[in-house]
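Understanding the architecture of this molecule
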Amino acid sequence: MKQHLILIGMTGTGKTTVGRALSERLGLPLTDTDRVIEQTTGQSIAQLFREQGEQGFRAVETQVLHQVLAGKPQVIATGGGIVLRAENVERMKRHGWVVCLQASADEICRRLAGDTNRPLLQGDLKQRVRQLMLERAGKYDFADWKVETTGHTAYEVASMIEQRWR
Ligand code: S3P
């Protein structure tokens, strides 16, 4: 059953912040899959990538998504790469309304400048963001709704989503 509100989108599009605002507005709990991954493994995302590689991280991410989707209705903020596995996409479509947050590459770089817990963005931030956007073109297209976040506060974005949800 489609019971959750699931936020997907490139890294830095504000899934966690908008998720928090939405959870307050809708009176639903918020689960951030990256935080659940850190809690269950006892490791930071950066450590997990270092010790298990990206595929190790993706395996844990897939397990965590499965568990979270089996729980009570909630707002779910996902990691940007959750869409890379087809089984995750199928499950998200089946169990929730999927909202894709979008932002320009410049805006993403502005938001993530100085971040150290995102292993896929190490090196030249602008170049890495552009490359990820290219690699992932089309991967977020299955979303039920798409929302542009550039130029909007998290509360404005949450309010736009809330209006469609209710
Ligand atoms: C990733 C995005 C991160 C986190 C991990 C991998 C990605 O989450 O899951 O670093 O592949 O885009 P955010 O989307 O919250 O940055």
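Residues numbered from 1 in each chain as written. Predicted model: local features only at pLDDT ≥ 70, side-chain atom pairs only at ≥ 80, totals over all residues.

1. Here we look at the UniProt feature "binding site: substrate" (unreviewed entry) in the protein
- Look at the UniProt record and you will see "binding site: substrate" (unreviewed entry) annotated at Asp34, Arg58, Gly80 and Arg136.
- Along the chain, Asp34 turns up in helix α2 (residues 33-41).
- The exposure class assigned to Asp34 is buried, which follows from the 22 C-beta atoms found within 10 Å.
- Once residues lying within four places of it in the same chain are set aside, the contact partners of Asp34 are Ile45 and Gly79. (UniProt positions renumbered as here; feature names shortened; annotations may be inferred. Helix = DSSP H or I, 4+ residues; strand = E, 2+ residues; numbered from the N terminus. Buried ≥ 20, exposed ≤ 12 C-beta atoms within 10 Å, placed from the backbone. Contact = placed C-beta atoms within 7 Å.)

2. What about the packing of helix α3 (residues 45-69) against helix α4 (residues 86-95)?
- The N-to-C vectors of α3 and α4 enclose an angle of 10°; their axes lie 11 Å apart at closest approach. Taken together, the axes of α3 and α4 lie roughly parallel to each other. Of the residues in α4, those touching α3 at Thr62, Leu65, His66 and Leu69 are Glu87, Asn88, Arg91 and His95.
- Here the contact of α3 with α4 is composed, by residue class, of 2 nonpolar, 4 polar and 2 charged. (Axes fitted to C-alpha atoms, helices over the stretch in contact; angles between N-to-C directions. Parallel < 35°, antiparallel > 145°, perpendicular 65-115°, else oblique. Nonpolar A, V, L, I, M, F, W, Y, C, P; charged D, E, K, R; others polar.)

3. Focus: the site of the ligand
- Around the ligand, the neighbouring residues are Thr11, Lys15, Asp34, Ile45, Gly79, Gly80, Gly81, Arg118, Pro119 and Leu120.
- For the shell around the ligand, the per-class residue count stands at 3 nonpolar, 4 polar and 3 charged. (Near = placed C-beta within 6 Å.)

4. Describing the UniProt feature "binding site: ATP" (unreviewed entry) in the protein
- The sites that UniProt annotates as "binding site: ATP" (unreviewed entry) are Gly12, Thr13, Gly14, Lys15, Thr16, Thr17 and Arg118.
- Mapped onto the fold, Gly12 is located in the loop between β1 (4-8) and α1 (15-26).
- Residue Gly12 is classed as buried on the basis of its C-beta count, with 24 C-beta atoms lying within 10 Å.
- Those residues within four positions of Gly12 in sequence are excluded, and the remaining contacts are Ala103, Ile108, Arg111 and Leu112.
- Relative to the helices and strands, Gly14 resides in the loop between β1 and α1.
- Residue contacts for Gly14: discarding those within four places in its chain leaves Leu101, Thr149, Ala154 and Val157.

5. A closer look at the environment of Leu30
- If you trace the backbone, Leu30 turns up in strand β2 (residues 30-32).
- Using a count of 19 C-beta atoms within 10 Å as the deciding quantity, one classes Leu30 as partly exposed.
- Sequence separation of Leu30 and Leu134 is 104 residues, and the distance between their C-alpha atoms is 29 Å.
- Setting aside residues no more than four positions away along its own chain, Leu30 makes contact with Gly19, Arg20, Ser23, Gln74, Val75 and Ala77.

6. Quick look at the sheet that holds β2
- With parallel pairing, 5 strands are arranged side by side in an open sheet as β2-β3-β1-β4-β5. The outermost strands of the open sheet, each flanked by one partner alone, are β2 and β5 (145-148). Averaged over all adjacent pairs, the angle separating strand axes in this sheet is 25°, with direction ignored.
- Across 3 bridges, β1 lies against strand β3 (residues 75-77) in parallel orientation. Pairing of Ile6 across the sheet is with Ile76, part of β3.
- Against the sheet, α1 contacts β1, β2, β3 and β4 (96-102), and its axis sits at roughly 175° relative to β3.
- Running at roughly 65° to β2, α2 makes contact with β2 and β3 of the sheet. (Pairing = 2+ DSSP bridges.)

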